[in-house]
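# Chains, contacts and geometry: an overview
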Amino acid sequence: MPDSNAAIPTRFGSGQAVKRLEDEALLKGQGRYTDDLGELGDGVLVFVRSPHAHAAIQGVDAEAARAMPGVRGVITGADLAGAPPLPTGSPAFKRADGGDCASPVRRALAHEAVRYVGEAVAAVVADTLQQAKDAAEAVFVDYAELPAVPTLAAALGGDARVISGAPDNIACEARHGDAAAAQAAFAQAAHVVTLDITHQRVAALTLEPRTVRAAWDGQRIDMHISSQMPTAVRTAVSNVLGLAAESVRVRVGDVGGGFGMKTGSYPEDAVIAWAARATGRPVRWTGERGEEFASTTHGRDLQAHAELALDADGRILALRVHSHANVGAYPTGTGVAIQLLIGPWVQTSVYHVPVIDFHFGAVLTNQAPTGAYRGAGRPEAIFNIERLMDEAARQTGIDRIALRRRNFIQPAQMPYTNPMGQTYDVGRFEHVMDQALPLADWDGFAARAAESRARGLWRGLGIATFLEWTGGNVFEERVTVEIKAPTLRADASALPPEGALAARGGPSPLEVDGIIEVYSAVNQMGQGIATTLAQLVVDAFGVPIEQVRVVLGDTDRGNGFGSAGSRSLFTGGSAMRSGADRTIEEAKRLAAHELEAAAEDIRYEAARFFVAGTDHAIGLFELAGRQAGGHILVDHTHTVSGPTWPNGCHISEIELDPQTGAIAIVAYASVNDVGRVVNPMIVRGQLDGGAVQGIGQALTEQVVYDADSGQLLTGSLMDYAVPRAHDLATMFKTEMDESTPCTNNPLGVKGVGELGTIGATPCIVNAVADALARNRRADLAPRLQMPLTPGRMWALLQQVGS
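Residues numbered from 1 in each chain as written. Predicted model: local features only at pLDDT ≥ 70, side-chain atom pairs only at ≥ 80, totals over all residues. Heavy atoms only, no water.

### Focus: the overall build of the chain
Counting secondary structure elements, the chain contains 21 helices and 29 strands. Over its C-alpha atoms the chain spans a radius of gyration of 28 Å, differing by no more than 12% from the 28 Å that the globule rule assigns to 802 residues. C-alpha atoms of the chain, sized along the principal axes, occupy 85 × 70 × 55 Å. Classification of the 802 residues of the chain by burial places 61% in the buried group. Considering only residue pairs separated by 6 or more positions, the chain has 81% of its internal contacts joining residues 24 or more positions apart. Carbon and sulfur atoms make up 52% of the accessible area of the chain, which totals about 28600 Å². Computing the positive centroid from 68 side-chain charges and the negative centroid from 91, the chain places the two 2 Å apart. (Helix = DSSP H or I, 4+ residues; strand = E, 2+ residues; numbered from the N terminus. Rg over C-alpha atoms; globule rule 2.2 N^0.38 Å. Buried < 20%, exposed > 50% of the residue type's maximum accessible area, 1.4 Å probe, protein only. Contact = heavy atoms within 4.5 Å. Areas by Shrake-Rupley, 256 points an atom, 1.4 Å probe, with all protein chains shown as cover. Lys, Arg positive; Asp, Glu negative; His and termini not counted. Charge placed at Lys NZ, Arg CZ, Asp CG, Glu CD.)

Here you go:
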């Protein structure tokens, strides 16, 4: 019969702020990051990188480097010239002339030309890091500088130099909507609001840089890597090395941040695997901070012309957005899709917009490629519409809260298909805003503004009401669930696979009481997914969380899309819960045999199976011990029915010093509809951490290249400014609304990892615009361009009103 363990799910299951299982080892310095896995005798690799934005490679002389002490090998682009090039462009998008997406050929090591500062040209492997660095300096690359296209403006200029494959430097483009219908709507509009918006280029800035270790045993490559997508790495590396995918194993341990930058595979990954095979010994590489600024994918970098048409009552008639995205020297499939499709999916956001006219172009420049960065296209889209909505309120004289109410999609319209063909399953956007307004004390702002004014400061109140799409449009996920019988020794079957992440409540490897080990192809990167998955297992099995082990990051155990697009919980978690339920059903069948009863008479609760109406029972782990191999194993694949649409209302207050242009954030409140919450502590951390990154883009962060030479000017933390904890640590009021669960997955959860980033940027900039308007400088509000640094704001304030 049921026992006292029945209370376990209420203590450790969904809805509880369970402390993260991952953290104990990290706090004790026992984390297993890729750089921790190096062994005595590993070769250390250093890359030789281009100092030029664009140059022909006329030759590479590596003989002096090869002769230096400790050098095991030097690899150049010529060595890899016969390998397949890396994928670029996207078959889903065309150029205006109907041609395929244009791109120069990209190789793991540049061979005939370099196309951005920091592109890898050669790699040196030596016994020690210093020996490798010394030898890398001895590699002579004969460059012939070529004219560069260093910026987006240069690429689109009338006398622009042409990058290979694109006569107008536009790799490809996309059009959405009905241009003629939009023009008609604009022609009859009572109000037209227009903004030119620059979404500056930003860097992901993970605490742990990219790190790779590879070994070759004569038949297989075994890689450890800091990545969000080990299966994608396996695919890319096997392709370059000419191996079957099964001949490459990729393992991921602890990851010190990803933020989208560690999705997919980089050229360096294949080079390190190639070096391990070429030298016959393990090779490892850890990127330095300067390398990361120069050679990882960057985010954003979009120039948008946005227009909103409204009738006399303030109802939206049409939205028109034309933009150019700087996708860098090589248009990656992800970088192109983010700006031409994924961001546009949410461009109309929470508002009913009858007609759209979107025209987006992906532009080639001699800068590092762009890719996913927290939000991936949705921050740009939401920023556009939220800036338009606030500017529309100022220009029409309609209160901005009333304007939003007038245009919200209503619950009765759900499921709602937006003009981009995306269907929102549920959403109560006005309900969320109605909770956020009192949380932020919206009505009490006037008194606070007066107090700030008395100190010579201009106070502004900003708001953003918005949604986002999550899922990566990959809705299938595979898990394995294994019930392991009790054992008194830490044998190979009881221990987690080396190099993969294994998070478990109990520190001892002695599995006295038996364990449930689950594997998923989603990955942890600091977001606490292992803890959340463990809580779902507790929900299903009713066992203490100490008896749950979550194993992630091993392509020999399982493959899948990985973690990106805020998909880990609603796809991976849904698969985990349904896999656990499937395991219980399989175990019921086995228990029926052991208990000599019909399967339909077997009940399960708190790790015990019993025959209904009797005390005849068997424990879950005892049952596992009676099976062949002492375990019960279920391999399960689950598919959710569609994406999730988390949404929120974020409200901020800032103080602007008109004498210096300095901006201080003095309050930040948000209500977030994230569906069902499994671990509120983790969700709050994701929301607040995401908001900090959005604030960074609004106020301080920008990757800058020299407009003449294409040299990277922000190549260190001395030049690239990020928010500091002491500026932001105590200001957040963050609440979750669980009243509208998602209907596209069995858990009712919605993706949460990027929501804070998406809402924070427009919320902060709208607050600055409000401060200007309240102090008779509304003329400056449309001119605000991120980042709103003190110098930029001071210069803006000196402009004479128009």
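And the narrative resumes.
### Observations regarding the pattern of salt bridges
For the coordinates displayed, the defined rule picks out 56 salt bridges. Taking the shortest distance from any N to any O, the salt bridge between R213 and E39 comes out at 3.9 Å. One end of the pair, R213, is in strand β9 (residues 211-216); the other, E39, is in the loop between α2 (23-27) and β1 (43-49), with 174 residues separating them in the sequence. Looking at E39, the relative accessible area reads 46%, which means it is partly exposed. With a shortest N-O distance of 2.5 Å, K94 and D100 are connected by a salt bridge. For D100, a relative accessible area of 55% gives the class exposed. (Salt bridge = Lys/Arg side-chain N within 4 Å of Asp/Glu carboxyl O.)

### A word on the packing of helix α11 (residues 378-396) against helix α12 (residues 400-407)
Direction vectors running N to C along α11 and α12 enclose 120°, while the axes themselves pass 9 Å from each other. Compared by their axis directions, α11 and α12 come out oblique. Crossing handedness for the pair α11 and α12: right-handed. Between α11 and α12, the contacting residues are E386, M389, D390, A392 and A393 on the first element and R400, L403, R404 and N407 on the second. Looking at the contact of α11 with α12, its residues break down into 4 nonpolar, 1 polar and 4 charged. (Axes fitted to C-alpha atoms, helices over the stretch in contact; angles between N-to-C directions. Parallel < 35°, antiparallel > 145°, perpendicular 65-115°, else oblique. Left-handed = near helix turned anticlockwise from the far one by under 90°. Nonpolar A, V, L, I, M, F, W, Y, C, P; charged D, E, K, R; others polar.)

### A look at the pairing of strand β21 (residues 515-520)
Within β21, 6 of the 6 residues are buried, leaving the element largely enclosed by the surrounding structure. The side-chain alternation of β21 yields two buried faces, one formed by I515, E517 and Y519 and the other by I516, V518 and S520. Bridge count for β21 against strand β22 (residues 548-552) is 5 bridges, and the pairing is parallel. For V518, the partnering residue across the bridge sits in β22 and is V550. Taken together, β21, helix α15 (residues 529-541) and β22 constitute a β-α-β crossover, and its handedness is right-handed. (Pairing = 2+ DSSP bridges. Right-handed = clockwise from strand over helix to strand, strands pointing away.)

### Concerning unusual backbone geometry
Generally, phi is negative for residues other than glycine and the peptide bonds are trans, each holding for most cases. Here the bond from M414 into P415 is cis, since omega is -5°, no more than 30 degrees from zero. Looking at the secondary structure, you find P415 in the loop between α12 and β16 (416-417). The step from M786 to P787 runs through a cis peptide bond, and the omega angle for that step is -5°. Of note in the backbone geometry, D441 takes a positive phi value of approximately 50° without being a glycine. Tracing the backbone shows D441 in the loop between α13 (429-439) and α14 (445-454).

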